[in-house]
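Structural features, examined
Okay, here's what each chain looks like letter by letter:
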Amino acid sequence: MSQKQIWHRVYPEGIPAQIEIPSVSLYYLIEQAAASYPDNPAILFLNHQLTYGRLKEQVDRFAAALHVLGVKKGDRVAILMPNCPQIVVSYYAVARLGAVTVLVNPLYTERELAYQLKDAGAETIVFLDQLQPKVMNVLPDTAIQRVISTGIPQYLALDLSQAAGDVPVAAENGMLSFEVLLQAHPPTPPQAALDPANDLALLQYTGGTTGVVKGAMLTHKNLVDNVIQTRYWLNNCQEGTERFFCVLPFFHAFAMTTCMNLSIYLSAAMILIPRLEVMNLLKQIDRYRPTIFQGVPSLYVAVIASPEVKNYELSSIKSCLCGGAPLPAEVQQQFEAITGAKLVEGYGLTEASPVTHCNPVFGERVNGSIGLPLPNTEIKIMDLETGTRELPPGEAGELCIKGPQVMKGYWNMPEETAQVLRDGWLYTGDIARMDERGFTYIVDRKKDMVISMGYNVYPREVEEVLYEHPAVKEAAVIGVQDRNRGEILKAFVVLKEGAEAKREEMIKFCRRYLAQYKIPKQIEFRSELPKSSVGKILRRVLVEEEKAKVKAKQ
């Protein structure tokens, strides 16, 4: 029986293994939403509401402004801001022109920002005014020619009722005003001739947690197809009625696809949250009544752990996709108990736009599994030694993916591209196994594997056990050098508020569920763990800290 037949057999009712998707541009999503639901709210932000009709008008105005400034098809435009209406307007305006968006993390240091701008060859940057010092400091080292600043108060006070062209466009200190550009240009940009399957829409940078940062080249078709693939998975969503809680940052691929782009495809309202603060998060859920809440495990942990959660109404949430890191079963069960929602674990990577797998929201789901491949997605498990031999169900090897969401390659990195794209398959670098029904299980990343006492140990397995301890809020496990054993396991543990536990207790607990060689030899308790901008625990940082300690002793 082929893999496709296996997958089709276990897909929930209403989710086909193969779907027909039109070849369209990203801009088509917002064009259709505005045509079908012009008066529906598209964005809810700081007591401000923007309808789909008004959002499309602003997108078209900004696209016209960029065109007049000289931005053309294929040019790279960097966008540097948190979740706010301007990031949505800028993103779709760039797509409207056939230019290429480069989403940049506002938390980047100047060094990181300069590297990404230079590597992308960006000539235009749109940024939040609070980030002006950082931007101005790096400009001399980049090819940036057009600098566009926007401010939250200025944007919220924006009046577009006056006739286009009445407001002069003048650069001040080398900068242009986003708001003035919108006022000065009519919503009539030129029509770009696009080939959705081949023209780039996005350079999405990745690899910062595992090596050299690389720009994944994603086409309009990559992104649109992944949106529609994900929409089929969330088959309980109704067009024109949903409300997406957008707390994950749009500059991250997971939120960009499953929050921003999917919202617009469904003509749903986006509740934009620019910063993760648990109390504000709870208040916004209570006020705006979101129905869809995408997140990462640490975000759901934060909600569960808040002593105030019982004072807020969270029952409007009905579906949640979790990505970015493994979802502990305890977290899943507790969040579902609090909200009544369905929370399922999925999987993806930037190189695949990013979603490739998910557990069914309605239907059988398997704890510890990343679920089934999305429609139109094929997978295979290849041996770790040569990468040329496909493994049968049950055996662990490298997870490989083929589908319309897989990137064209890495920007200006042909050798790195050749390593991960082979005969149309994306080699993910993740170690996985697949059962006979098509459910996939991530064992761990290749680079995270620890050899303890001669055995291969995957940190995720140990972390899952630690998460089951009633006192543990978060946990991360790495390998550290040991003179006698080569490597031993070290666990970093954050306890729940008010909880107490000792090293001996943790080790005794692990001993109940793990083989001797999998038990951490060292336990370090911390108040928090290092995380990425989207809340993913960074094992790499912990590894670097341990290496620095060893070096300091030498």
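Rules used throughout
- Residues numbered from 1 in each chain as written.
- Predicted model: local features only at pLDDT ≥ 70, side-chain atom pairs only at ≥ 80, totals over all residues.
- Heavy atoms only, no water.
- 1 Å grid on protein atoms, 1.4 Å probe; cavity = no way out; pocket = protein on both sides within 12 Å on 5 of 7 lines; lining within 4 Å.
- Points joined across faces, edges and corners; volume = space filled by probe spheres on them.
- Helix = DSSP H or I, 4+ residues; strand = E, 2+ residues; numbered from the N terminus.
- Nonpolar A, V, L, I, M, F, W, Y, C, P; charged D, E, K, R; others polar.
- Salt bridge = Lys/Arg side-chain N within 4 Å of Asp/Glu carboxyl O.
- Pairing = 2+ DSSP bridges.
- Contact = heavy atoms within 4.5 Å.
- Axes fitted to C-alpha atoms, helices over the stretch in contact; angles between N-to-C directions.
- Buried < 20%, exposed > 50% of the residue type's maximum accessible area, 1.4 Å probe, protein only.
- Expected span 1.5 Å × (residues − 1).
- Disulfide = S-S within 2.5 Å.

1. Digging into the layout of surface pockets
- In this model, the second largest pocket occupies a volume close to 1,000 Å³.
- Around the second largest pocket, the lining is made up of 38 residues, and of these Leu107, Pro274, Arg275, Leu276 and Ser533 lie nearest the centre.
- It is helix H12 (residues 297-305) that provides the largest number of residues to the lining of the second largest pocket, a total of four residues.
- The residue makeup of the lining of the second largest pocket, split by class, is 24 nonpolar, eight polar and six charged.

2. Some remarks on the pattern of salt bridges
- Counting across every chain of the model gives 25 salt bridges.
- Across the pair Glu524 and Arg526 runs a salt bridge whose closest N-O atoms are separated by 2.8 Å.

3. Topic: the sheet that holds strand S7 (residues 176-177)
- Spatially, the eight strands line up as an open sheet ordered S7-S6-S5-S3-S4-S8-S9-S19, and their pairing is mixed. Strands at the two margins of the open sheet, each flanked by one partner only, are S7 and strand S19 (409-410).
- Where strand S3 (residues 76-80) and strand S5 (residues 124-128) come together, four bridges link them in parallel fashion. From the neighbouring strand, Val77 faces S5, where its bridge partner is Thr124.
- Helix H3 (residues 52-69) rests against S5, strand S6 (146-150) and S7 of the sheet, and its axis sits at about 155° to S6.
- Contacting S3, strand S4 (100-104), S5, S6 and strand S8 (200-206), helix H4 (residues 85-97) runs over the sheet at an angle of about 150° to S4.

4. Looking at the side chain of His469
- Locating His469 in the fold gives a position in the loop between helix H15 (459-467) and strand S25 (472-482).
- A residue is classified by how much of its surface remains accessible, and His469, at 4% relative accessible area, is buried.
- Once residues within four sequence positions are removed from consideration, His469 is found in contact with Glu505, Met506 and Phe509.

5. Some details on H4
- When the terminal C-alpha atoms of H4 are compared, their 19 Å separation across 13 residues agrees well with the 18 Å that a helix rising 1.5 Å per residue should span.
- Taking burial as the measure, the 13 residues of H4 include 13 buried ones, the bulk of the element.
- One or two steps after H4, the chain reaches Gly98, where phi turns positive at roughly 80°.

6. Re the state of the cysteines
- One pass over the full model with this rule turns up zero disulfides.
- Not part of a disulfide, Cys84 finds its nearest cysteine sulfur in Cys246, a span of 12 Å.
- Unpaired in terms of disulfides, Cys237 finds its nearest cysteine sulfur in Cys320, a separation of 11 Å.
- In this structure Cys237 comes out as buried when scored by relative accessible area, which is 2%.

The analysis is restricted to geometry; functional conclusions fall outside its scope.
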